Structures are given as structure tokens and as C-alpha cells.
Amino acid sequence: MQPIKQIRSRTVVMPAANIDTDQIIPGRFLTTVTKEGLGRQLFADWRYDTAGNPKPDFILNRPEAQGCEILVAGRNIGCGSSREHAPWALQDYGFKAVISTEIADIFRNNSLKNGLVPVIVDDATHAWLLANPGAEVEVDLETSTLNLPNGSKVKFPIEPFPRYCILNGVDELGFIQSKEAQIAAYEARRPRA
Amino acid sequence: MSAPKTMFEKVWAAHEVVPQTADTPAVIFIDLHLTHEVTSPQAFALLRERGLKVRRPDLTLATMDHATPTRTEQVFGGAPISIDSAAKQIRFLEQNCKEFGIDLFGLQDPLRGIVHIIGPELGVTQPGKTIVCGDSHTSTHGAFGALAFGIGTTEVGHVFATQCLLQNKPKTLAVNVKGRLRPGVTAKDLILAIIGKIGVAGGTGHVIEYRGEAIRAMSMEERMTICNMSIEAGARAGMIAPDETTFAYLKGRLRAPQGSDWDAAVARWKQLPSDDGAVFDKSVEIDAAALEPMITYGTNPGMVVPISGRIPDRKGEPAFDAAMQYMGLTPGQAIQDAKVDVVFVGSCTNGRLSDLRAAARVLEGHKVAAGVHMLVVPGSQEVKRQAEAEGLDQVFKAAGAEWRESGCSMCLGMNGDTVPKGEYSVSTSNRNFEGRQGVGARTLLASPETAAASAVRGRVTDPRELVKA
Ligand code: SF4
């Protein structure tokens, strides 16, 4: 994992509420055995017509969305399945952070594990972001703040441990492995069925 | 005396290998890791990259269900699997299980089935266990008083390598269900009503405990239907206290404790229910006796109405307008006026024997309406055998429905079993998201009874009109 400290980018805004994981990456694309290439299928049913051509009015197909690394979504993004293919697809496409007022648990967890930064903001900040698509914002992980071009600095919640992992580009497996002695001790005292 | 504890707190405390600190999540031991072909390949790849083994293959169990074919000739007859990439995932799981020493219920195994159906069926799902799977409907197993939740593929890799998981302690939400369900109203209707009430994000960050008279009166199959859809309310897990119903279900199952181990296990399990006076972070109440059969009309499971009701009129709300446009339905219309093209009975929500019996009872003596395609897919090969022994398959076939081998099938349409674009499907599964059952498919979630009745009439139908009580 690459360390991430700040992400500075224009935003792409998708105001729909409850964007579920079946929209982010439809089930029929899950028959893959690797993580690579899923960005092509990101939001496939919204992004392409039945012949596979990009729909010109969908936001990701518009010129102003090209190169944006921050996605602003409506309330409760990521609800639905546990498929990690959802953050993989967003990252493979080029997103580095997702902003909403609510982010579904498993999706948020999966995002953190992959260094896709989930940013939860209050309603007023969210309303500002929705009203200003394409605004140049900064997600500063070192201070856990979202910096808006109007000067406001909005703190967002992120647990210290995943934050440390993303800032330093280290993964969580190593941490669990460092607890080997405790795991072995637990196994020894664990009741058997 | 120590403070009264919730069931969740007891199970959590019993599995803490390293407690949570201000800076780090807890390390939790996992008693049972279920795995399937879709969310495991990248986790096995991680093991290989780092030269790691599966730490506890004895606590790991694999099946294939999501991408597997349901046509008999493809499962048993050697006919090629229609989707190449699905066939490849199946082969990968076979190779991975062999290489890492994991017990696999493979494509032709008589005990194969949907992962959340076979865990209980085999008796490996037990009260007080921590159970995870790379699948959000792992919440199903909470019906036994287990702490069971879905994880992502990175975490699947963590559990493979260490049998542990990093977790922040969730909060608790009590859902108190007063009274009893009326005849013709099912567990599926109750959970849809609960989701309608608290919303699709109502349980976010919480573990739900379902309590109260209606829950206590339920069979294990019904409790599984309830816990299954906890994730549709945003909760990662749902739990129901184990009781005599739970013990009776598990006793004698292939992998349940036997002999004196059984007695010791039951004694442990009896300690699990929440203590009197235990405090939940939140609670909600719902009156079971006031409920009717429920059905969804929109594109998330919280968009639900009683079957005699009308689609609400919330024109001007973007999410509502988008759902109406996708569904091709009209605000304010009676839901029973909605036509039906496809009916799917199956999935980990409603693919158990009791569900098939319920659908067959409604169908018996009727025909599936002209132009309606009805697909019945048992949740496991064991369910299939039992249903056939009772002649349920004959009822389905005589009515004009298709009868298949077990799997997830049309619940998520990964194996090619899909609803055609624009068609209406009454489905006993758990998600009505856009495209869930196929590109452009329009899904209405309901009970097996409502699904069967709707197949007969070719429009959304209250099953109580077809079955005399
Ligand atoms: S039946 Fe549906 S919800 Fe259940 S595990 Fe399979 S795909 Fe998931």
C-alpha cells in the first residue's frame, strides 16, 4: 500500500442516496480472481448503455470529471454486500477518497483496508459539496480534516489505527501477526465444542 | 455481582484475544470461518504472496454457491458451465482448498448449498460462536445466538492467516417485537416491516438483538429469515437468544457436539441470553399483531408497503423519483395492480424447506399464470432432497414452475439465472437494488407465500386470498 497523507483534487458529485455496492460494481463482474481492471466496470449500469457505449450524460463520462480523485456521494453510500470489489473498483478507476454524511459499515471498513479514505461530514458541509461540484478540496489525513476552498476546515472521524496504517502505508495483517503469543494463549484456553 | 450484560457483550468478551485500546481495535478470535468462490481468490493470493498457511483449517469450511450453475446437466451431467469466468472461480476454489487443506463442499457434494444454509444444516453454526464469511448475509447465523457478520476479502485473508480479526466494538440495538404474527403473516413480512420502520441505515454501527414474544414463538428457519436481513437495516449482525427451539434444531446434526460434549455445550449456551436489566444503546418496538404481508416497491428494502397498501407519493424526493422511474411504477398506485413476469423462490433468506413448503401450499391445485416464469431453487442439496421426498418438486412442476439444483441463482444473477431487462420479479431474496437480479430487472421482495400467490395471478397478490385458513 502506498502511504497517503493529503489528497487534493476536484470533486465528482453523485447526489443519489443509498448508492449500493451492486451499483458500484454489479454482481456479474465479480467472477474475477484478481483485483485489477475493475475500474472499467465501476458503475457499469449507469455508465454504459446496453451496447457498452458510454452514456454521455453520466457524470463519470463528462469531461469535467476526468482526473478527479474525490467522490462526493449522497447519504449512505456503500450499503449492501461485503464485496471488496466495490472499493477496488473505485480505486482502480482513480478515486482516493469518498465523502458522504453516512457510509455503510462494511464498505467503510473495506475502504480503510485498501487506503480509500472514507470521509464522513455533517449535513451543512455535505450540502455545500453537493452544491459545488468540481470544487477543489483537500482531504488531509494527518489532521483528519477536509479543507474546502471557502476556507472552512471540517474535522472528520477516523479511528487512529487505520489512519496510522494508511498514513504509513502499512497493512493490518502485520499487527495481528505481532500478537502471536496472545493468539496461541487464547487457543490453549478456548473451550472446544 | 457484575453488571447485567447483553448477549452480544458476552460473546464479544469471550473472544477478545487483545482488548481494544484508544489507538488500536480489538483482536477477536473467530470460531468458524465460512468461505466461498467469489470473495476468496484474492485472499488465497495474499497467502501465497507472503508464504503463509491457513492457521486453522479445522475451523474453516468452504462451499460454492454464488456463481455455481443450477441446471442439473451443468452440475452433474458434465455440460459446460455457461460462464467461463464462473467456471474458473469454481476451479480456483477447488485448487485453493486442496492446497491449503480446507474442507470443501464442492459442486457435486450432496451436502453443498448456500453457505448460510449449510452452516446451520451441518450443525457447525452454534450459539456463542464468532462466525465470519466474506458475505454480508453471514448475519443469518445470529439466529442461533452466534455473533456472525460479513467481512471483506482483505479480512478473509487476515482470518486465514491468523484466525483473528481486528474489530472495533459495535453498539447494540434491541428490536422488541410485541405480540404474535397473525396467520398468513410471516417472518419475512416482519423483517421487511422492521426495515421499513428503522430504515436501510437504521442499524449502522450496531448489532441488533431481536427480542419479544413473536421472536420466541418462531422456528429456527423463521429466525434465520429475520437475522439474514439485519444487513438490509444497515446492521452488520443480528442475534436471537438461544433457547429450547435452538437446541432441538441442533441436536444430532452431523457436526453438532455429541454425547457428554452436547450436555456441556447446552449448559454453556444457556448462559448466553442477555441478562435482565442489560442495557442496549438503542431500542425500538414493533407490534407483530398489527402487521400484514409486506412487499417492496422501490430500489432498496426500506421502500416497503403492506400488500393491501398503495405506493406512497413522495414526488420531488430525488431517491424516490429515481426509484419510481427505474421500477416503472406510479406513486399512489395500489401495489396489487403491479404485474409480475418472473417469480423467484429461493436464496439464503427463504430457500429452506419450510419456505418451499409454504410456497407449495399456496401453489397446490393452481397453475402459474400464462407468461409468468417461476423459478424455485432450493437453498441446499439437502433441502432439495427433503423437498423431493415430500413431493414438493412435483407440486412446483405441476404448476408450471422450474425446479433446479441449489445455489444463490437469481438472488444476484451471477450464474446466468437472471430477470430480463424491464421485467417485474417477485422474489423471496433480500435485495431489490437496481440491476441486482439482472440488468434493468425490477425486483419486488416478499415472502414465499406472496411470491407463489403472485405467480398464480400474474400480478402482486395477497396469499391469504388463495389459501383458506
Ligand atoms: S442467496 Fe443471495 S444473499 Fe444469500 S449468499 Fe447467495 S447471493 Fe448472497
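Residues numbered from 1 in each chain as written. Chains lettered and ligands numbered in written order. Predicted model: local features only at pLDDT ≥ 70, side-chain atom pairs only at ≥ 80, totals over all residues. Heavy atoms only, no water.

What follows covers the domain arrangement of chain B. Residue and element names in this part refer to chain B. We note that the domain assignment places domain 1 (1–292) and domain 2 (295–465) within chain B. The distance between the C-alpha centroids of domain 1 and domain 2 comes to 24 Å. Taken together, the 44 residues of domain 1 in the interface contact 44 residues of domain 2. Across the interface of domain 1 and domain 2, roughly 3,400 Å² is buried in total on both sides, 58% from carbon and sulfur atoms. For the pair domain 1 and domain 2, the interface holds 3 salt bridges. With its nearest N and O atoms 3.5 Å apart, the salt bridge here joins R464 to E292. Listing elements by their share of the side of domain 1 that touches domain 2, those giving two or more residues are helix 3 (72–75), helix 5 (115–122), helix 7 (187–198) and helix 9 (220–228). With 5 residues, the single largest contributor to the side of domain 1 that touches domain 2 is helix 7. When its residues are assigned to classes, the side of domain 1 that touches domain 2 shows 19 nonpolar, 15 polar and 10 charged. (Domains from an automatic or database assignment. Contact = heavy atoms within 4.5 Å. Buried area = accessible area lost by both parts, 1.4 Å probe. Salt bridge = Lys/Arg side-chain N within 4 Å of Asp/Glu carboxyl O. Helix = DSSP H or I, 4+ residues; strand = E, 2+ residues; numbered from the N terminus. Nonpolar A, V, L, I, M, F, W, Y, C, P; charged D, E, K, R; others polar.)

Attention now moves to the site of the ligand. The immediate surroundings of the ligand are formed by B:H66, B:I114, B:H116, B:D135, B:H137, B:S347, B:C348, B:C408, B:C411, B:L412, B:N430 and B:R436. By residue class, the composition of the shell around the ligand is 5 nonpolar, 5 polar and 2 charged. (Near = heavy atom within 4 Å.)

Turning our attention to the interface of chain B and chain A. Contact residues are listed per partner, giving 66 residues for chain B and 54 residues for chain A. Note that B:R55 is salt-bridged to A:E180, the shortest N-O span being 2.7 Å. Our count for the chain B to chain A interface comes out at 22 residue pairs in polar contact (both at pLDDT 80 or more). Listing elements by their share of the side of chain B that touches chain A, those giving two or more residues are strand 1 (16–18), strand 2 (26–29), helix 2 (41–50), helix 4 (84–100), helix 6 (153–162), strand 8 (164–167) and helix 11 (259–269) of chain B. Ranked by residues supplied to the side of chain B that touches chain A, first place goes to helix 6 of chain B with 6 residues. Looking at the side of chain B that touches chain A residue by residue, the class counts come to 28 nonpolar, 22 polar and 16 charged. (Polar contact = N/O pair within 3.5 Å; in protein donor to acceptor, adjacent residues only side chain to side chain.)

If charged atoms from side chains of opposite charge come close, those side chains can pair. Residues and elements named next belong to chain A. Across all of its chains, the model carries 39 salt bridges over all chains by this definition. The residue K96 makes a salt bridge to E69 at a minimum N-O spacing of 3.2 Å. Of the two residues, K96 sits in the loop between helix 3 (85–93) and strand 3 (97–100) while E69 sits in the loop between helix 2 (44–47) and strand 2 (70–73), which places them 27 residues apart along the sequence. Residue E69 is classed as partly exposed on the basis of its relative accessible area of 23%. (Buried < 20%, exposed > 50% of the residue type's maximum accessible area, 1.4 Å probe, protein only.)

Residue and element names in this part refer to chain B. Counting buried positions over the 10 residues of helix 6 gives 10, a clear majority of the element. The set of residues buried in helix 6 consists of T153, T154, E155, V156, G157, H158, V159, F160, A161 and T162. Directly after helix 6, the chain includes Q163, whose backbone phi takes a positive value near 60 degrees.

Residues and elements named next belong to chain A. One non-glycine residue, F43, lies in the positive phi region at around 50 degrees. When you line up the elements, F43 lands in the loop between helix 1 (21–24) and helix 2. For S144, which is not glycine, the phi dihedral falls at a positive 50 degrees. Summarising the element assignment, S144 is placed in the loop between strand 5 (136–140) and strand 6 (145–147).

Throughout the structure, instances matching the rule amount to 13 aromatic pairs over all chains. Taken together, a centroid distance of 5.8 Å and an interplanar angle of 5 degrees make the contact between A:F43 and A:W46 stacked. For the ring pair B:F8 and B:W12, a centre distance of 5.8 Å and an interplane angle of 45 degrees mean the geometry is tilted. Note that B:F8 and B:W12 are positioned in helix 1 (residues 7–14) at a spacing of 4 residues, about one turn of the helix. Neither B:F8 nor B:W12 differs from the other in exposure class; each is buried. Cluster of aromatic residues (ring-pair linked, three or more members): A:F43, A:W46 and A:F58. Between the NZ or CZ atom of B:R253 and the centre of the ring of B:Y249, over which it lies, the distance is 3.9 Å. (Phe/Tyr/Trp six-rings, centres within 6.5 Å; stacked < 30°, edge-to-face > 60°. Lys NZ or Arg CZ within 6 Å of the ring centre and 35° of its normal.)

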